[in-house]
Amino acid sequence: MSKTWRPATQLVHEGTLRSQYGETSEAIFLTQGFVYDTSEAAEARFKGETDGFIYARYGSPTNDMFEKRMCALEGAEDARATASGMAAVTAAILCQLKAGDHIVAARALFGSCRWVVETLAPKYGIECTLIDGRYLENWEKAIRPATKVFFLESPTNPTLEVVDIAGVAKLADEIGAKVVVDNVFATPLFQKPLELGAHIVVYSATKHIDGQGRCLGGVVLSDKEWIDENLHDYFRHTGPAMSPFNAWTLLKGIETLPLRVKQQTASAARIADFLAEQKQVAKVIYPGRKDHPQADIIAKQMSGGSTLVAFELKGGKEAAFALQNALDIIKISNNLGDSKSLITHPATTTHKNLSDDARAELGISPGTVRLSLGIEDVDDLIEDFAQALSKVKS
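Residues numbered from 1 in each chain as written. Predicted model: local features only at pLDDT ≥ 70, side-chain atom pairs only at ≥ 80, totals over all residues. Heavy atoms only, no water.

The name given to the protein in an unreviewed UniProt entry is O-succinylhomoserine sulfhydrylase, with the source organism recorded as Rhizobium gallicum. The protein has a UniProt comment under Sequence similarities (unreviewed entry) that states "Belongs to the trans-sulfuration enzymes family. MetZ subfamily." Entered under Cofactor (unreviewed entry) in the UniProt record, the comment concerning the protein runs "pyridoxal 5'-phosphate". (UniProt positions renumbered as here; feature names shortened; annotations may be inferred.)

This paragraph deals with helix α7 (residues 165-175). Residues separated by three or four positions in an α-helix point in the same direction, a consequence of the helix having 3.6 residues per turn. Turning to α7, its buried residues are Ile165, Gly167, Val168, Ala169, Leu171 and Ala172. The secondary structure elements touched by the buried residues of α7 are α6 (136-142), β4 (147-153), β5 (178-182) and α13 (295-301). Note on α7: the residue one or two positions beyond its end, glycine 176, has a positive phi of about 75 degrees. (Buried < 20%, exposed > 50% of the residue type's maximum accessible area, 1.4 Å probe, protein only. Helix = DSSP H or I, 4+ residues; strand = E, 2+ residues; numbered from the N terminus. Contact = heavy atoms within 4.5 Å.)

Here the UniProt feature "modified residue: N6-(pyridoxal phosphate)lysine" (unreviewed entry) sits at Lys207. On the secondary structure map, lysine 207 appears in helix α9 (residues 206-210). With sequence-adjacent residues up to four places away left out, lysine 207 is seen in contact with Val184, Asn335, Leu336 and Gly337.

This next bit is on the sheet that holds β4. Strand order in the open sheet formed by seven strands is β1-β7-β6-β5-β4-β2-β3, and the pairing between neighbours is mixed. Where the open sheet ends on each side, the last strands, each with one partner, are β1 (78-82) and β3 (127-131). The mean angle between the axes of side-by-side strands here comes to 20 degrees, regardless of whether they run parallel or antiparallel. On the sheet, helix α4 (residues 85-94) packs against β1, β2 (102-106), β4, β5, β6 (200-204) and β7 (218-222) and is oriented at approximately 160 degrees with respect to β6. (Pairing = 2+ DSSP bridges. Axes fitted to C-alpha atoms, helices over the stretch in contact; angles between N-to-C directions.)

Here the structure, examined in full by the defined rule, presents six aromatic pairs. With a centroid separation of 6.1 Å and an interplanar angle of 75 degrees, the aromatic rings of phenylalanine 311 and phenylalanine 385 are classed as edge-to-face. Of this pair, phenylalanine 311 sits in strand β9 (residues 308-313) while phenylalanine 385 is found in helix α16 (residues 378-389), placing the two residues 74 residues apart along the sequence. For phenylalanine 311, a relative accessible area of 2% puts it in the buried group. Phenylalanine 385 sits in the buried class, given a relative accessible area of 0%. When the ring centre of tyrosine 58 is taken as origin, the NZ or CZ atom of arginine 236, which lies over that ring, is 3.9 Å away. (Phe/Tyr/Trp six-rings, centres within 6.5 Å; stacked < 30°, edge-to-face > 60°. Lys NZ or Arg CZ within 6 Å of the ring centre and 35° of its normal.)

What follows deals with the pairing of β4. For β4, a buried count of six out of seven residues is recorded, marking the element as mostly surrounded by other parts of the structure. Here β4 runs beside β5; their pairing, made up of five bridges, is parallel. Bridge assignment links phenylalanine 151 to a residue of β5, and that residue is valine 180. In this fold, β4 hands off to α7, which returns the chain to β5; that crossover is right-handed. (Right-handed = clockwise from strand over helix to strand, strands pointing away.)

Another point: a nonpolar patch on the surface. A surface patch of nonpolar side chains, about 290 Å² in accessible area, is lined by Ile28, Leu30 and Phe245. With respect to the helices and strands, the residue isoleucine 28 is situated in the loop between α1 (7-13) and α2 (39-47). Note on isoleucine 28: relative accessible area 30%, which makes it partly exposed. (Patch = residues over 30% accessible without salt bridge, like charges linked within 9 Å, V, L, I, M, F, W, Y side chains within 5 Å. Areas by Shrake-Rupley, 256 points an atom, 1.4 Å probe, with all protein chains shown as cover. Salt bridge = Lys/Arg side-chain N within 4 Å of Asp/Glu carboxyl O.)

Dropping the structure here:
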């Protein structure tokens, strides 16, 4: 395949395998095992002397196509597709750590990601320090002799804070630690963490990569050496593999990723500007606006805004609920990156398990709302917001 292809071409053609029947669409290989011509051939494959598939838990032709396509888009040497985004996050972190090791993580994380580093990892003797990841000095101050992993989201969920990935990666390289970046909110089209110095990138493919609310999936991407030495055995023996059917669904979804994200981002920018002018709205946070608190970092490491907008209503939870309940086109859901516009109240859903103080630290107030833009006509969405906001007390 051509290394000079642009993303829109890569996402239609890269990594395609065809059977003897020459099918146009990628085939789904719904099989758990594979047949060998001879006993000697089976032995050679298990020894790694010949290429080929062994067991669907380790890999399959359909999954392989999805992984190769993601590698081409991300600029990674290797990848493993997982059953969900959280399977990808957990595998990327735990596969490289042991008791006594230490994680430094930005505190602004998706609730389940925070649980993995703050609650699960310590059960196995792995310590974690949560910091305000917006400031490089906090990363530096948190370093210990046992620090092995830096973990962050950028932009963050749900308040769209941004972390200086290149700066964090430089600190990590100085101590031999690895930087794991959850890149879901930026999408691989707008931000390339590996090019910025990060070592591992994770995605919930459930979001923009499928983009149509159909299936779960995740992916871990890195260089081949790291995957061979850390993730390979963890993946084989703990079994977080993606199903071939989901891999096929994601292959179909990723073909239209550039088209969808372009539309969603353009709509997000217009909606953000519209909301900023409404009397019921206290503030709007959007990476494409000049008033974003970290606009300088965004300009340095992102080539586009985001498909998501965060905003705060003056009337708190009551106003947020009134707005969401009055919307017609935009649906209430905790998912994001869908072709349908979706709205979420983080304090009572995705981040409800955090304490009031922890939510306040993250900038999640009772009036905070997260909006994921779909591919509907943006004028219809603005009209929907206008009629819904008219029912909200200012």
